[in-house]
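# Close look at the chain arrangement
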Amino acid sequence: NRCKPQIAHPTYYSHMTGREFVDYQCPVVITVYDMIHEIFADYMDSNGQMTEMKRRAIFSAQAILCISESTKRDLLERYPALEDRVTVTLLATELNESSICEQALIPSRPYYLYVGARGGYKNFDRLLISFAQITIKFPDLMLCVVGSPFSKEEYKRIVELNLTQNIEHYGTASDGQLAKLYNSSIAFVYPSLYEGFGIPLLEAMSCSAVVIAANTSSFPEVVGEAGILFDPQSIDHLTDSLLFILDNPSERERLIQEGLDRAQCFSWDRT
């Protein structure tokens, strides 16, 4: 009660205490990161509880920040009445080549890099199938995966696809190791079907990695012309993109430079 803020910007759509945002008795700002619970409701929010909590939070805010034009579009598709409250504030990253830790461990063979969660809409299984096709021709190649341990199902899939010798897993990576993993990769691959922004895309470009990303949601906004965008529903399209970077070293160098230039368009000051 002693604290009478002039403005409140909660970091999520609910308080751990269960308090309502209107209790602030001052203007409220909400950041909407994505509309993942609404778009992938079956997988993310089957009982609609999260969507309803989010809706209440959004409607109680006087200002709404969306982290991409894509998120704004998805929000206004569902709640068009909110248009005059919405501002797009793109994100940024502090990770770049100066973050690289030279001593950090990376795979000893040429590798594609995958970073982050892998469930459902992340589309990881299509990447595995696509990568398996490439290893038939290039058995030396690796897929380096940074994230949680493989589930039993994932491990079974890796064995089925004959990839046990071609995958290297890192549970967690420090900023220094992650920067080096991006920097030394053939390419960073981001097959997700949907993200509100996709900070790893920016991290990769800032660390001189080529980006191969799904042509969906916010990715074209972040990557622009500085990466390869593929149809996330098409295994063949992804396979062609992975091979293209392998077969065209001069184009790869050009895209690395384009990515570095593109990354300069994003900064926390601007945000």
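Described in the following lines is the structure provided in the data block. (Residues numbered from 1 in each chain as written. Predicted model: local features only at pLDDT ≥ 70, side-chain atom pairs only at ≥ 80, totals over all residues. Heavy atoms only, no water.)

On to the overall build of the protein. Of the regular secondary structure elements, the protein holds 11 helices and 9 strands. Over its C-alpha atoms, taken along the principal directions, the protein stretches across nearly 65 × 40 × 35 Å. The proportion of buried residues among the 271 residues of the protein is 49%. Restricting to contacts in the protein with at least 6 residues of sequence separation, those with at least 24 account for 65%. Of the roughly 13,600 Å² of accessible surface on the protein, a fraction of 50% belongs to carbon and sulfur atoms. Of the side-chain charges in the protein, 23 are positive and 35 negative, and the distance between the mean point of each set is 5 Å. (Helix = DSSP H or I, 4+ residues; strand = E, 2+ residues; numbered from the N terminus. Buried < 20%, exposed > 50% of the residue type's maximum accessible area, 1.4 Å probe, protein only. Contact = heavy atoms within 4.5 Å. Areas by Shrake-Rupley, 256 points an atom, 1.4 Å probe, with all protein chains shown as cover. Lys, Arg positive; Asp, Glu negative; His and termini not counted. Charge placed at Lys NZ, Arg CZ, Asp CG, Glu CD.)

Our focus in this paragraph is the packing of helix 5 (residues 124-137) against helix 6 (residues 152-160). Taken N-terminus to C-terminus, the directions of helix 5 and helix 6 make an angle of 20°; their axes are 10 Å apart at the nearest point. Classified by the interaxial angle, the pair formed by helix 5 and helix 6 is roughly parallel. You can see that helix 5 and helix 6 cross each other, and the crossing is right-handed. Facing Phe124, Asp125, Leu128 and Ile129 of helix 5, the residues of helix 6 in contact are Glu154, Arg157 and Ile158. Its residues placed into classes, the contact of helix 5 with helix 6 shows 4 nonpolar, no polar and 3 charged. (Axes fitted to C-alpha atoms, helices over the stretch in contact; angles between N-to-C directions. Parallel < 35°, antiparallel > 145°, perpendicular 65-115°, else oblique. Left-handed = near helix turned anticlockwise from the far one by under 90°. Nonpolar A, V, L, I, M, F, W, Y, C, P; charged D, E, K, R; others polar.)

We now examine the pattern of salt bridges. Tallying each qualifying case throughout the model produces 13 salt bridges. Arg55 is the partner of Glu52 in a salt bridge, and the nearest nitrogen-oxygen pair spans 2.9 Å. You can see Glu52 and its partner Arg55 sitting in helix 3 (residues 49-59), 3 residues apart, about one turn around the helix. On the accessibility criterion, Arg55 (31% relative accessible area) is partly exposed. Taken together, the shared-partner salt bridges in this structure form one network comprising Asp125, Lys156, Arg157 and Glu160. (Salt bridge = Lys/Arg side-chain N within 4 Å of Asp/Glu carboxyl O.)

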